[in-house]
Amino acid sequence: MDLPKEIEILFRENSELAKKLSEEISKLTPKVIEKTGLERIKIMNFCGTHEWTTTHYGIRSLMPEEVELIAGPGCPVCVTPSSDIKNMIKLAMDGYVVYTFGDAYKLPTVSHYKEGIGSLASAKASGADVRIVYSFVDAIEDAKTHGKPSVFFGLGFETTAPSYAVLFKKEVIPKNLMFYSSLKLTAPAAIYAIKIHKMSKRSPVSGVIGPGHVSTIVGSKGWDFFPEEFGIPAVVSGFEPVDILTAVLTILKDLYTGKAKLTDLEYKRVVTRDGNIYAQDAVREIFRTTDTIWRGIGNIPNSGLDLRDPFKEFNAKLQLNIKENPWDYDLPPGCKCNEVTLGTAYPTDCPLFMKACTPSRPWGPCMVSLEGSCAVWARFGSSQRVLNLMKEVRE
Amino acid sequence: MCVAFPGRVLEIYGDFGKVDFGNGTIKDNVLLSLVNVNVGDYVLVHAGYAIQVIDEVEARRTIEMWEEMNNGISNEKRKQDFYEAIGGKL
């Protein structure tokens, strides 16, 4: 039998194990509460796909009341600033061929570029040449065939960056294709989110589920700072329901013993301690870290990547004189995407959720990407909501 | 956006290769140069490139570790159940 199928069967449909794990979690939680004095045990994930698994499989409904699973910044599409989208729309309207991933195609700007044009999709509808691609390779191949001046909208986290870097390294990019970097790094935003929870009157984050596929690149060592600097246990986890349950149980065990540590054995089938060194080297060679704007949140120092000087002929921002203005609040009225991104609000806390903002007509950015928390909750419902309802009925 | 799909490498040509994602989905021109990979290996593919080779030994070890925690149904038994469900082993 092929391996992915086998993994799927053993990790996804393993209901006996899931039951066992959730029983263990229920048993351990009161002990952890008693020992640590925590009111709530808040566990944050940093990956849209983890949020997908958590919501899709109803994992929240398996948690004791005191264990709260929240989504942190884990979706690069949701945090791409409105100014970047506007710049891309302008380039498209000026006659450049614009390549984008499907996720960013419908992203709304905070104010329209021109009457009726508030996304790359609407720019295309009014005649601009916007093309959806699956990868940077596809954009390169296509740009070579037509030879017209083109720009690639380079989104993504650490997972996606190497796919760009390696192609710059191999010098296969045609002269007519430029690169607009909106690349972001997860660690600075994770630290930002942890600090926000520490600062506010809310309960602090007690445990972290580390992003599995960012970790394949940066290695599990990339998350050592959680236990070392913040005293928070962290588990690099896979994406099957049993992976998430194991991660929660491991965090509870660490909280109980009082020894915060990084556990990387959970997703060892693809994550190593050092990560993909070749990919890391390629990214370091091609990109430098910069300050960058996270939509609705503002500037986070050293949280972005942009092309180094030797590649400036491909840098759309430099070549086309695109000025980066200081950040201005860039969420549409009523939208709580920034709070949802930082895990201080659930999608259901937003007054627009499933009213003015739906997957077919997204108002805010977290409803656009398939991995945005709002879009995930819209599709699969929220077990949290059901639980609250049950509680109300009981009372 | 970091979603990645597992697939089996069918062919390697230079930096690229052909990957079988199962269910009849085969993709050409998958960038493989960031990993050490051989034909037949399983890779995890994100945005058109392989981010990592799936470590079969580790995958099985994790499963076994969990099975130990589960200490009920063995790996072998689950496998048998599966073969039974699909009507035999090829």
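Below: a short report on this structure. Given the structure is predicted, the values throughout are model-derived calculations rather than measurements.

Observations regarding the overall build of chain A
Part 1 of the argument: In terms of regular secondary structure, chain A is built from 17 helices and eleven strands.
Part 2 of the argument: Taken over C-alpha atoms, the radius of gyration comes to 21 Å for chain A, in line with the 21 Å a tight globule of 395 residues would show.
Part 3 of the argument: Referenced to the eigenvectors of the C-alpha coordinate spread, the extents of chain A come out at roughly 65 × 45 × 45 Å.
Part 4 of the argument: Of the contacts formed within chain A by residues at least 6 apart in sequence, a portion of 76% connects residues at least 24 apart.
Part 5 of the argument: Surface accessibility of chain A: about 15900 Å² in total, with carbon and sulfur atoms responsible for 52%.
Part 6 of the argument: Looking at charge distribution, chain A has the averaged site of its 47 positive side-chain charges lying 2 Å from that of its 46 negative ones.

Thoughts on the nonpolar core
Part 1 of the argument: The biggest cluster of nonpolar side chains holds 120 residues, and the ones touching the most others in it are Phe136(A), Phe152(A), Tyr164(A), Phe168(A), Phe179(A), Phe226(A) and Phe287(A).
Part 2 of the argument: Grouped together as the second largest cluster of nonpolar side chains are 23 residues, Ile43(A), Val67(A), Leu245(A) and Val248(A) included.

A look at helix H2 (residues 15–36) of chain A
Residues that lie three or four places apart on an α-helix share one face, since the helix turns once every 3.6 residues.
All names here are of chain A.
Part 1 of the argument: Relative to the 32 Å expected for 22 residues at 1.5 Å per residue, H2 spans 30 Å between its end C-alpha atoms, a close match to the ideal helical length.
Part 2 of the argument: Along its length, H2 shows its largest kink, about 30°, at Leu28, and proline Pro30 lies within four residues downstream of that point.
Part 3 of the argument: Buried within H2 we find Leu17, Ala18, Leu21, Ser22, Ile25, Leu28, Thr29 and Val32.
Part 4 of the argument: Following H2 by one or two positions, Gly37 has its phi on the positive side, about 75°.

Examining the interface of chain B and chain A
Part 1 of the argument: Facing the 43 residues of chain B at the interface are 54 residues of chain A.
Part 2 of the argument: With both chains or domains summed, chain B and chain A bury close to 4200 Å², and 67% of this area falls on carbon and sulfur atoms.
Part 3 of the argument: The interface formed by chain B and chain A contains one salt bridge.
Part 4 of the argument: Between Asp15(B) and Lys170(A) there is a salt bridge, with the nearest N and O atoms lying 3.5 Å from each other.
Part 5 of the argument: At the surface where chain B touches chain A, the tally comes to six residue pairs in polar contact (both at pLDDT 80 or more).

Describing the sheet that holds strand S5 (residues 150–156) of chain A
Residue and element names in this part refer to chain A.
Part 1 of the argument: Sheet architecture is open: six strands sit in the order S4-S3-S5-S6-S11-S10, paired in mixed fashion. Each edge of the open sheet is held by one strand with a lone partner, namely strand S4 (130–133) and strand S10 (287–294). Across this sheet, the average inter-strand angle for adjacent strands is 30°, counted without regard to direction.
Part 2 of the argument: In the sheet, S5 pairs with strand S6 (residues 177–184) via seven bridges, with the strands oriented parallel. Bridge pairing in S6 links Val151 to Met178.

Re the environment of Val53(B)
Part 1 of the argument: Summarising the element assignment, Val53(B) is placed in strand S5 (residues 49–53).
Part 2 of the argument: It is 17 Å that separates the C-alpha atoms of Val53(B) and Lys27(B), two residues lying 26 residues apart in sequence.
Part 3 of the argument: Setting aside its immediate chain neighbours within four residues, Val53(B) contacts Arg269(A), Val270(A), Val35(B), Asn36(B), Val37(B), Asp41(B), Tyr42(B) and Val43(B).

Calculation criteria
Residues numbered from 1 in each chain as written. Chains lettered and ligands numbered in written order. Predicted model: local features only at pLDDT ≥ 70, side-chain atom pairs only at ≥ 80, totals over all residues. Heavy atoms only, no water. Helix = DSSP H or I, 4+ residues; strand = E, 2+ residues; numbered from the N terminus. Rg over C-alpha atoms; globule rule 2.2 N^0.38 Å. Contact = heavy atoms within 4.5 Å. Areas by Shrake-Rupley, 256 points an atom, 1.4 Å probe, with all protein chains shown as cover. Lys, Arg positive; Asp, Glu negative; His and termini not counted. Charge placed at Lys NZ, Arg CZ, Asp CG, Glu CD. Core = buried A, V, L, I, M, F, W, Y, C linked by side-chain atoms within 4.5 Å. Buried < 20%, exposed > 50% of the residue type's maximum accessible area, 1.4 Å probe, protein only. Expected span 1.5 Å × (residues − 1). Bend = angle between axes of the 7 residues up to and from the residue. Buried area = accessible area lost by both parts, 1.4 Å probe. Salt bridge = Lys/Arg side-chain N within 4 Å of Asp/Glu carboxyl O. Polar contact = N/O pair within 3.5 Å; in protein donor to acceptor, adjacent residues only side chain to side chain. Pairing = 2+ DSSP bridges. Axes fitted to C-alpha atoms, helices over the stretch in contact; angles between N-to-C directions.

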